[in-house]
Amino acid sequence: MTDIKELNNIVATSFAHFGETKQIQIARLLYEITKRDGFKARDIIDQMPTSGLNFHDVKKALVSRRYPTLSKVYPAKDFYLGKVDIDPDLKADVSKRTLSPANIYIEKEVETSDLAKRVKQHFPQAKTHVIDQYNQFIQNKSYSIKDYNNRLDHFYIVREKYDFFKNCPCSPHTVACGLHIVNLGSGCAFDCSYCYLQGFINAPGIVLPGNIDDFFEEFKKYRQDIRIGSGEYSDSLVFDHITEYSPKIVEFFRGYPRSQFEFKTKSVNIDNLFKVKAAANIVIAWSINTSRITNSIEHFTASFDERIAAAVKCAQAGYSVGFHFDPIFQYEGAEKEYKRIIDTIYKNISPKSIAWLSLGTLRMTNSLRKAIENRFPDNTILDEEMILGHDQKIRYDHRTRSTIYQNMTKWIRQHHSDVKLYLCMEEKSLCSSCQTFPFTKK
């Protein structure tokens, strides 16, 4: 791993005549080149002419080296050149994972709830604290990457009063997917290197609502002809063996057949789903990726084979299933591997059981990139050429994304010509070219 302090000292010494902002950009480019290519920053600088280089020349040379393909198409302003700010102490520990919180905090209003009782029974070693209100308890506190690393040490059982349902918060200038969100908890036990939850760290631990019946009552006042799902702020099923919410959700939405409810997961925590009869409007959906990605950076999640086996089991029980190829990664050999998993899905599951599929490529905010660099400093997912996209998120360029989507939709429709297929957080031009507009309700 590159020594950031040493890198900054080298830049400050070698380019003392540049201002701080310019030095930050040079350090960023040198860091990414050294990380990806294995060169030392000093050696890269020594290869440059010893005199006569102004900032524009230095930046142009380094941008061309870091982005050999895209620098020929895009101006330097389209590349992320933010400060390299990495603390080795913030590296995530993915060597093992035991779910054993030290503390359980329970709001008074849900102290006697079924969920509070189950959480205490499930974690008898944890200290239990009764608090007045979660929002007051955490106010005036700021949370860091270190807190995110330790999120599983603290569980909060709360009474949700306001944030029940909402439209999916799509990025600016993207096509809305039409999904509605139900917030049944925040925080996840998995550690995917790219997880967007790292990008907005505003909670001290795992937060679960203890009043699911209130959600049902609120839904009766909400629209009842929608596609709705959990899984925005947590995996839908990762804690289901504790909450036991899935059977209640299935039974409730069975009574609202004009709506479809989606559980979105990377787990195989599906046992509770079989405690009730399957409902036709319940979709169990898996985020899917190649085994190379799943095995290397989707830490503590179920393997690809395990997810497919779970999907088969759910389909046989009468549930609809779905698959989300999101995020799709660009790397050498990726095309063959993504085609193979599409073929595997349709080899094992009838198209009649598949409710929908979605496609989305790797994307991130600046804050998410910082979190990834700190928590997973040895990652390779940030080494590819990416630009600041239409929504100011760091993305693969338009042509790369278009190629990925065109290939994926072709392979999918070879198996399932009328599949409901949509792109997640994408521009209208790409959605139009792939003919992916199945959900129009908002």
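Right above here is the structure, for reference.
Residues numbered from 1 in each chain as written. Predicted model: local features only at pLDDT ≥ 70, side-chain atom pairs only at ≥ 80, totals over all residues. Heavy atoms only, no water.

Considerations on the packing of helix 2 (residues 20–37) against helix 4 (residues 55–66)
Then comes step 1: Between helix 2 and helix 4, the shortest axis-to-axis distance is 10 Å and the interhelical angle comes to 25°. The pairing of helix 2 with helix 4 is recorded here as roughly parallel in orientation. The interaxial crossing formed by helix 2 with helix 4 has left-handed handedness. Residues Lys 22, Gln 25, Ile 26, Leu 29, Leu 30, Glu 32, Ile 33 and Arg 36 of helix 2 form the contact with helix 4, whose participating residues are Phe 55, Val 58, Lys 59, Leu 62, Val 63, Arg 65 and Arg 66.
Then comes step 2: Residues of the contact of helix 2 with helix 4, tallied by class, amount to 8 nonpolar, 1 polar and 6 charged. (Axes fitted to C-alpha atoms, helices over the stretch in contact; angles between N-to-C directions. Helix = DSSP H or I, 4+ residues; strand = E, 2+ residues; numbered from the N terminus. Parallel < 35°, antiparallel > 145°, perpendicular 65-115°, else oblique. Left-handed = near helix turned anticlockwise from the far one by under 90°. Contact = heavy atoms within 4.5 Å. Nonpolar A, V, L, I, M, F, W, Y, C, P; charged D, E, K, R; others polar.)

Some thoughts on empty space enclosed by the protein
Then comes step 1: Going through the model one piece at a time under the given rule, you end up with 4 cavities of 30 Å³ or more.
Then comes step 2: Its volume calculated, the largest cavity comes out at about 220 Å³.
Then comes step 3: Every residue lining the largest cavity is counted, 24 residues in all, and those nearest its centre are Leu 184, Gly 185, Ser 230, Asp 235 and Ser 236.
Then comes step 4: Elements represented by at least two residues in the lining of the largest cavity include exactly strand 7 (206–209) and helix 9 (240–243).
Then comes step 5: Looking at which element gives the most residues to the lining of the largest cavity, the answer is strand 7, with 3 residues.
Then comes step 6: Each residue belonging to the lining of the largest cavity can be placed in one class, and the counts come to 12 nonpolar, 9 polar and 3 charged.
Then comes step 7: Counted as a void, the second largest cavity has a volume near 60 Å³.
Then comes step 8: In terms of lining residues, the second largest cavity is bounded by Phe 165, Val 182, Leu 184, Phe 215, Phe 216, Phe 219, Ile 249, Phe 252, Phe 253 and Phe 261.
Then comes step 9: Classifying every residue of the lining of the second largest cavity gives 10 nonpolar, no polar and no charged. (1 Å grid on protein atoms, 1.4 Å probe; cavity = no way out; pocket = protein on both sides within 12 Å on 5 of 7 lines; lining within 4 Å. Points joined across faces, edges and corners; volume = space filled by probe spheres on them.)

Side note on helix 8 (residues 212–219)
Then comes step 1: Residues of helix 8 that are buried include every one of Ile 212, Phe 215, Phe 216 and Phe 219, and no others. Along the axis of helix 8, the buried residues cluster in a sector spanning 100°; they form a single face. (Buried < 20%, exposed > 50% of the residue type's maximum accessible area, 1.4 Å probe, protein only. Arc of directions from axis to C-beta.)

A few points about the pattern of salt bridges
Then comes step 1: Going through the model one piece at a time under the given rule, you end up with 29 salt bridges.
Then comes step 2: The shortest N-O distance in the salt bridge between Glu 32 and Arg 66 comes to 2.6 Å. Taken together, the positions of Glu 32 in helix 2 and Arg 66 in helix 4 put the pair 34 residues apart, joining distant regions of the chain. This pair shows no difference in class: Glu 32 is buried, exactly as Arg 66 is.
Then comes step 3: Two residues, Asp 378 and Lys 91, come together in a salt bridge whose shortest N-O distance is 3.5 Å. Of the two residues, Asp 378 sits in the loop between helix 14 (366–375) and strand 15 (387–388) while Lys 91 sits in the loop between helix 4 and strand 1 (103–107), which places them 287 residues apart along the sequence. (Salt bridge = Lys/Arg side-chain N within 4 Å of Asp/Glu carboxyl O.)

Section: the sheet that holds strand 16 (residues 394–395)
Then comes step 1: Reading across the sheet, the 3 strands line up as 14-16-15 and stay open at both edges, with antiparallel pairing between neighbours. Lying at the two open borders of the sheet, with one neighbouring strand each, are strand 14 (363–364) and strand 15.
Then comes step 2: With 2 bridges connecting them, strand 15 and strand 16 associate as antiparallel partners. If you follow Leu 388 over to strand 16, its bridge partner there is Ile 394. (Pairing = 2+ DSSP bridges.)

Quick look at the pairing of strand 5 (residues 179–182)
Then comes step 1: Residues of strand 5 alternate between two faces, with Leu 179 and Ile 181 on one and His 180 and Val 182 on the opposite face, all of them buried.
Then comes step 2: In the sheet, strand 5 pairs with strand 8 (residues 227–229) via 3 bridges, with the strands oriented parallel. The partner of Leu 179 across the bridge, within strand 8, is Arg 227.

Concerning the pairing of strand 7
Then comes step 1: With burial as the criterion, each face of strand 7 is covered, one bearing Ile 206 and Leu 208 and the other bearing Val 207 and Pro 209.
Then comes step 2: In this structure, strand 3 (residues 154–158) lies alongside strand 7, joined through 4 bridges in parallel fashion. Within strand 7, the position partnered with Val 158 by the bridge is Pro 209.

Concerning helix 2
Then comes step 1: The terminal C-alpha atoms of helix 2 lie 25 Å apart, and with 18 residues this matches the ideal 26 Å at 1.5 Å per residue to within 8%.
Then comes step 2: Check the buried side of helix 2 and you find it contacts helix 1 (4–14), helix 3 (41–46), helix 4 and helix 14.
Then comes step 3: Looking at the residues trailing helix 2, positive phi occurs at Gly 38, about 80°. (Expected span 1.5 Å × (residues − 1).)

Some thoughts on the sheet that holds strand 3
Then comes step 1: Across the sheet, which stays open at both edges, the 4 strands sit in the order 2-1-3-7 with parallel pairing between neighbours. Where the open sheet ends on each side, the last strands, each with one partner, are strand 2 (127–131) and strand 7. Going from strand to strand, the sheet's axes swing by 20° on average, the running direction of each strand aside.
Then comes step 2: Where strand 1 lies against strand 3, 4 bridges are found, and the strand directions are parallel.

Remarks on the layout of surface pockets
Then comes step 1: Size it by volume and the largest pocket reaches roughly 1000 Å³.
Then comes step 2: As for the largest pocket, its lining consists of 45 residues, of which Tyr 196, Gly 231, Glu 232, Lys 264 and Arg 363 are closest to the centre.
Then comes step 3: Counting only elements with at least two residues in the lining of the largest pocket, the list comes to strand 5, strand 6 (191–192), strand 9 (260–265), strand 12 (320–328), strand 13 (354–361) and strand 14.
Then comes step 4: A class-by-class count of the residues in the lining of the largest pocket yields 22 nonpolar, 12 polar and 11 charged.
Then comes step 5: Roughly 720 Å³ of volume is contained in the second largest pocket.
Then comes step 6: Around the second largest pocket, the lining comprises 29 residues; the ones closest to its centre are Tyr 134, Asn 135, Asn 183, Ser 186 and Val 207.
Then comes step 7: Only helix 6 (134–138) and strand 7 provide two or more residues apiece to the lining of the second largest pocket.

These figures come from the coordinates and say nothing about function on their own.
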